[in-house]
Amino acid sequence: LDLFGAAAGRRSDNYLLYRSNFLARMAQFCNLEASPFYVYGDPAYGLSQYILRGIKGAMTPQQQAFCTEMSQIRESVEWGFALVIRD
């Protein structure tokens, strides 16, 4: 689990991603473990070596199933963050 914040003012997701140094820390972690790891992110994030997101546009049935499944998981995680922030 990786939490970063808070940042003053209204900031974009990509700004916070940059400021958190998350991608560099993921690179270090993957090098230590000698295994690839990925984070499934909000569609607002661009694709990177460590961030996956839903596919846009025409999809195969397998891609659609993957996106549907991952979207449901991502939403439930976001609900959990809302509880952390609220409590």
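This write-up is about the structure you can find in this document. Numbers given to residues run from 1 along each chain, matching the order in which its sequence is written. Restriction of local features to residues with pLDDT of at least 70 applies here, the model being predicted, together with a cutoff of 80 or more for giving and counting side-chain atom pairs; totals for whole chains, interfaces and linings are based on all residues. Calculated side-chain values reflect all of the structure's heavy atoms, with hydrogen atoms and water omitted.

1. Regarding the packing of aromatic side chains
Stacked, tilted and edge-to-face pairs are distinguished by plane angle, under 30 degrees for stacked and over 60 for edge-to-face with tilted covering the rest, among Phe, Tyr and Trp rings (Trp via its six-membered ring) whose centres lie within 6.5 Å. All chains considered together, the criterion is met by two aromatic pairs. The interplanar angle of 55° and the centroid separation of 5.0 Å between the aromatic rings of Phe-29 and Phe-37 together place this pair among those described as tilted. Type-normalised accessible area, obtained with a 1.4 Å probe on protein chains alone, sets the label of each residue: buried when under 20%, exposed when over 50%, and partly exposed for intermediate values. A residue is classified by how much of its surface remains accessible, and Phe-37, at 34% relative accessible area, is partly exposed. Centre to centre, the rings of Tyr-40 and Phe-66 are 6.0 Å apart; their planes meet at 80°, and the pair counts as edge-to-face. Pair noted here: Tyr-40 is in strand β1 (residues 39-40) and Phe-66 is in helix α3 (residues 61-86), with a separation of 26 residues, a long-range link. Think of it this way: any DSSP run of H or I at least four residues long counts as a helix, any run of E at least two long counts as a strand, and we number them from the N terminus.

2. Observations regarding the side chain of Ser-20
Note that Ser-20 resides in helix α1 (residues 13-20). On the basis of relative accessibility, which here comes to 10%, the residue Ser-20 falls in the buried class. In what follows, a contact means two residues having at least one pair of non-hydrogen atoms within 4.5 Å. Excluding its chain neighbours within four sequence positions, the residues that come into contact with Ser-20 are Phe-4 and Arg-25.

3. Topic: the nonpolar core
Put simply, buried Ala, Val, Leu, Ile, Met, Phe, Trp, Tyr and Cys residues joined by side-chain atoms within 4.5 Å make one nonpolar core. Ranked by size, the top nonpolar core spans six residues in total: Leu-17, Phe-22, Met-26, Cys-30, Tyr-50 and Ile-51. The element best represented in this core is helix α2 (residues 22-33), accounting for three residues. Discounting chain neighbours no more than four positions away, the residues touching Met-26 are Phe-37, Tyr-38, Val-39 and Tyr-50.

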